[in-house]
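Observations on the model geometry
Residues per chain, in single letters:
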Amino acid sequence: KDKMKQFKTVSIYEFAEKHNLKTKLSDLGLPDKDEINEVISLMKSYNKSEAEICVWFQTTNSWLGGEKPINYIKYTEGDYLVYAAKQYVLPIMHG
């Protein structure tokens, strides 16, 4: 049996709906901080959709110690937030 057949590709909107996530930046209530604007601009420059950016802010992130970026920005400076966003969009470099 082909193990890959068990996986189904879902759209970002299906994923968001299944996990009760918002898909519009205006619905997230993000504070107006330079770091957040930098993250959004960076992601848009890599052709990430508004829904993809929203889902990124609402899901756990290993670069932030397992925190969700939307929670992380509430109690810390944004340097790590920008770094985590760069890790998300930049291609993986193998040495």
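Here, every reference points to the structure presented above.
Our subject in this report is the structure included herewith. This structure is a prediction, so every number in the text was calculated from the model and none was measured.

Tallying secondary structure elements over the protein gives six helices and zero strands in all. Reading the helices (α) and strands (β) of the protein from amino to carboxyl end gives α-α-α-α-α-α. Counting the 95 residues in the protein, one finds 29% classified as buried.

Counting 20 residues, the largest nonpolar core has Val39, Met43, Trp56, Phe57 and Leu81 as its most contacted members. Secondary-structure elements contributing two or more residues to this core are helix H2 (25–28), helix H3 (34–45), helix H4 (50–58), helix H5 (69–72) and helix H6 (79–89). Apart from residues lying up to four places away in sequence, Leu81 is in contact with Ile36, Val39, Trp56, Phe57, Leu64, Pro69, Tyr72 and Ile73.

Okay, the packing of H4 against H6 next. At a closest axis distance of 12 Å, the pairing of H4 and H6 adopts a crossing angle of 125°. Comparing the axis directions of H4 and H6 gives the class oblique. Handedness of the H4/H6 crossing: right-handed. For the pair H4 and H6, contact is made by Glu52, Trp56 and Phe57 and by Leu81, Ala84, Ala85 and Tyr88, respectively.

Our next topic: a negative patch on the surface. On the surface, a cluster of negative charge is made up of Asp32, Asp34, Glu38 and Asp79. One can find Asp79 in helix H6. You can call Asp79 exposed: its relative accessible area is 61%.

What counts, and at which threshold
- Sequence order as written defines the numbering, with residues in each chain counted from 1.
- Local features in this predicted model are restricted to residues whose pLDDT is 70 or higher, and side-chain atom pairs enter the listing and the counts only when it is 80 or higher, whereas totals over whole chains, interfaces and linings include all residues.
- Note that water and hydrogens are dropped before the side-chain values are worked out from all heavy atoms of the structure.
- Here a helix means four or more residues in a row that DSSP labels H or I, a strand means two or more in a row labelled E, and each is numbered from the N terminus.
- Accessibility here uses a 1.4 Å probe with only protein chains present; expressed as a share of the type maximum, an area under 20% marks a residue as buried, one over 50% as exposed, and anything in between as partly exposed.
- In this text, buried Ala, Val, Leu, Ile, Met, Phe, Trp, Tyr and Cys residues form a nonpolar core when linked through side-chain atoms within 4.5 Å.
- What makes two residues a contact is simply this: any of their non-hydrogen atoms within 4.5 Å.
- To get an axis, fit a line to the C-alpha atoms, keeping to the stretch in contact for a helix; angles then go from 0 to 180 degrees between the N-to-C directions.
- Orientation labels follow simple angle bins: below 35 degrees gives roughly parallel, above 145 gives roughly antiparallel, 65 to 115 gives roughly perpendicular, and whatever is left gives oblique.
- Crossing handedness is read from the near helix: turned anticlockwise from the far helix by less than a right angle, it gives a left-handed crossing, and turned clockwise, a right-handed one.
- Each patch is built from residues lacking any salt bridge and having more than 30% relative accessible area; the joining distance is 9 Å for like charges and 5 Å for nonpolar side chains (Val, Leu, Ile, Met, Phe, Trp, Tyr).
- Each accessible area value is a Shrake-Rupley result obtained with a 1.4 Å probe; residue values ignore everything except the protein chains displayed when judging cover.
- Take a side-chain nitrogen of Lys or Arg and a carboxyl oxygen of Asp or Glu: if they are within 4 Å of each other, that pair is a salt bridge.
- Two residue types count as positive, namely Lys and Arg, and two as negative, namely Asp and Glu; His and chain ends fall outside the count.
- Lys charges are placed at NZ, Arg charges at CZ, Asp charges at CG and Glu charges at CD.

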